[in-house]
Amino acid sequence: MHDSLPAHAVYTNIKASPEARANDVIKRLSFDEKLMLTGGWNKMHFPAISRLGIPPVYFADASQGVHIKDICVRVEKSTAFPDLMALAATWNTDLAYNYAQSISEECQAWGVNVLLGPGLNLYRNAEGGRNYEYFGEDPLLTSKMAISYVKGMQSLGTIAAIKHFLGNEQEFARHIVDVKIEERALQEIYLPPFKAALEAGGALAVMTGNNSVNGYPGAANTPLSGNVLRKEYGFKGIIMSDWASSQFWLDKQNLELTSGHSLLMDNNEIFAKYVRDEISAHPGKKALIEHELEEMAFNNLYAFFKSGVYDRPYRNPGLVKNMEGHRNIALQTAEEAITLLKNAGGILPLHASKINKILVLGTDEALTMYTGKGSGMVAGYNHVDYLAGLKNVFGDKIIRKPTTSDDEIKAADVVLYFINKPAGEGFDVNYNMPDGVEQSINKVADMNKNIVVIYSGGNGLPMPWLSNVKGVIFAYLLGQERGNALANVVSGKVNPSGKLPFTIEKRFNDSPAKDYNKMSDGKYYWKGGKGDSKKIYEQFGKVQVNYKEGIYIGYRWFEKMKVEPQFPFGFGLSYTNFSYTGIQSSSAVINKDREISITFNIKNEGRVDGAEIAQLYVHEIKNTVDRPVKELKGFQKVYLKAGEGRSVKIAVKLSDLAWWNDKTHQWQVNHGDYLVQIASSSTDIKQQVKISY
Ligand code: BGC
């Protein structure tokens, strides 16, 4: 802090509690300063209070690294890690911690003290433009990854702003959409990741969505922010708006004062005008309004004191040198994420000694894609794209030409066919591939059976060509080390172990979200920028999106509807195979005082080392209430040398059997029998054991 601070002020005393320090600042503020502290400054900052020596705080996007563009401090470079969807595909929570801690080092190196992530919305909608910024479709997997991410980020004092609270699962009309989510779905599906990130993760900031939920604007949502976050979870810290601040709900500015929110980004101009007008019209309200502003300012200052932002130099240039090590984390994440969906006849790995001509097809965009567009974009540096990575490993066996003749296709030992779909903020992504891609894959497959399709993107896709190709790799958006990671997997140096954090449907019509962008004129609309939202509003008024499927998201939906997905949640192949044996429960009966342990053995039966992600699902045998066929309640990633076996233990608690009763507004556990299922994917149950309550 500053040299000329008030002597012996509580707020300058680093031994005083964050609460006491925040209150001490507030005591010293004028009305205008309190109002100022409820809004952002200069797009990506929390304002300074210069006369008290309190500096501005810099924010940056997020989440696959530090997005350089909007930061005022001079950031020279930042690592493009794989996207959050890829991180989820690793199912490796220790890695998620290291990944976020590395990003936090880059934040501290350059002077960023709030990272605007991670995104904890769910993959409800396979066309969601920002799915790549989220951890997939399952609340438990998302919660576990979120806890590790937040802890890793905040271990160096960088605040993690979990977003977009809540129901921001699409880009279309995102500023004006009112999302209807029933109570049970909120409790069982959409709230748990945020709760976990706040309570177990300790996140100090939440960013609300631009959308409304159940009639309340995201940034003035009394039921969700005031009642759930502040009262029920006891959250002290920042609840900031998304960057449209309050411009799409001019008539509800009054709610901002009382709904639990604390910060309007990127500025509070509209709200400040409301406050001033209100006081001139009703001078008697000034004291009450001032008190409410104090609460808002307190929550913001509390988070900054708690995280130590005001007690350390704004940046730590010494950390720049750690970036070299971050390349390894980026590489490891990409390697562990890559998900092998098909490997007929063991076409992969490619053995350099047996293969001479590896033909690379696909657009340049498909060969270089590594991040999404918009605020989640991270530029990275020293990229190793797919072609470079493959050439590093296979040398001049890699053939890539501007045009390729049919004879060259026929003559190749193997064809690697790269495809992609763009992803990003402000637009959703058509489930179908652009015209011509599917025909082209089939045409090449007709000429050369040894074809492997490699897809980069943050959304599922139909695969009508699936039976014509030998291999399929889902490559997410793998960041700057993508080429090395892919080449290591294709060559067998790394055995793939990623598993899908979402379901891939056969066609978008199978999805519960299928009409999210269909308007009353019967047409489908796509765009989600601020201008687009305004136009849609002028044409149609507020847009309602009803999460009619309730708790049935992802595999819960496909299992309930008995619709076969193209690839199920939790699926991914390895170059080896694993056996599961000997399941046991530490007790046949579960009760509220004692969790039980489920143990089983996994053995790597093949000739190469590998990792398996064992998943634990719970199924109620005789459903007395409407509930999913089964739900993920635990998982463990197990690394096994060729031939090695190991005993694995996963705990089950009584709360893992619970469902939310929207009549009593409480969690409830039914008495009866349950199957605890150990599975290699949501559709491949290996072992099960019965327990009772
Ligand atoms: C996005 C947020 C982002 C913010 C700041 C908004 O448009 O929705 O996710 O953090 O911009 O860049």
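Residues numbered from 1 in each chain as written. Predicted model: local features only at pLDDT ≥ 70, side-chain atom pairs only at ≥ 80, totals over all residues. Heavy atoms only, no water.

**Quick word on the overall build of the protein chain**
Part 1 of the argument: When helices and strands are counted, the protein chain shows 19 helices and 25 strands.
Part 2 of the argument: Counting only C-alpha atoms, the protein chain reaches 80 × 60 × 55 Å along its principal axes.
Part 3 of the argument: Taken over 693 residues, the protein chain has a buried fraction of 63%.
Part 4 of the argument: Of the contacts formed within the protein chain by residues at least 6 apart in sequence, a portion of 76% connects residues at least 24 apart.
Part 5 of the argument: Summed over all atoms, the accessible surface of the protein chain reaches about 25,700 Å², with 50% contributed by carbon and sulfur.
Part 6 of the argument: The positive charge centre, built from 78 side chains, and the negative charge centre, built from 75, are 2 Å apart in the protein chain. (Helix = DSSP H or I, 4+ residues; strand = E, 2+ residues; numbered from the N terminus. Buried < 20%, exposed > 50% of the residue type's maximum accessible area, 1.4 Å probe, protein only. Contact = heavy atoms within 4.5 Å. Areas by Shrake-Rupley, 256 points an atom, 1.4 Å probe, with all protein chains shown as cover. Lys, Arg positive; Asp, Glu negative; His and termini not counted. Charge placed at Lys NZ, Arg CZ, Asp CG, Glu CD.)

**Focus on the site of the ligand**
Part 1 of the argument: Around the ligand sit D61, L116, R130, K163, H164, R174, M207, D242, W243, S375 and E425, and those are all the residues in its vicinity.
Part 2 of the argument: Within the side chain of K163, an N or O atom sits 2.9 Å from an oxygen atom of the ligand.
Part 3 of the argument: Here the ligand loses 90% of its free accessible area of 310 Å² to cover by the protein chains.
Part 4 of the argument: Of the residues in the shell around the ligand, the class split is 3 nonpolar, 2 polar and 6 charged. (Near = heavy atom within 4 Å. Polar contact = N/O pair within 3.5 Å; in protein donor to acceptor, adjacent residues only side chain to side chain. Nonpolar A, V, L, I, M, F, W, Y, C, P; charged D, E, K, R; others polar.)

**Here we look at unusual backbone geometry**
Part 1 of the argument: Here the amide bond leading from G117 into P118 is cis, since omega sits at 5°, within 30 degrees of zero.
Part 2 of the argument: Here the bond from K163 into H164 is cis, since omega is -10°, no more than 30 degrees from zero.
Part 3 of the argument: You can see H164 is positioned in strand β4 (residues 159-165).
Part 4 of the argument: Unusually for a residue other than glycine, K43 sits at a positive phi of about 70°.
Part 5 of the argument: Among the secondary structure elements, K43 is positioned in the loop between α2 (31-36) and β1 (45-46).

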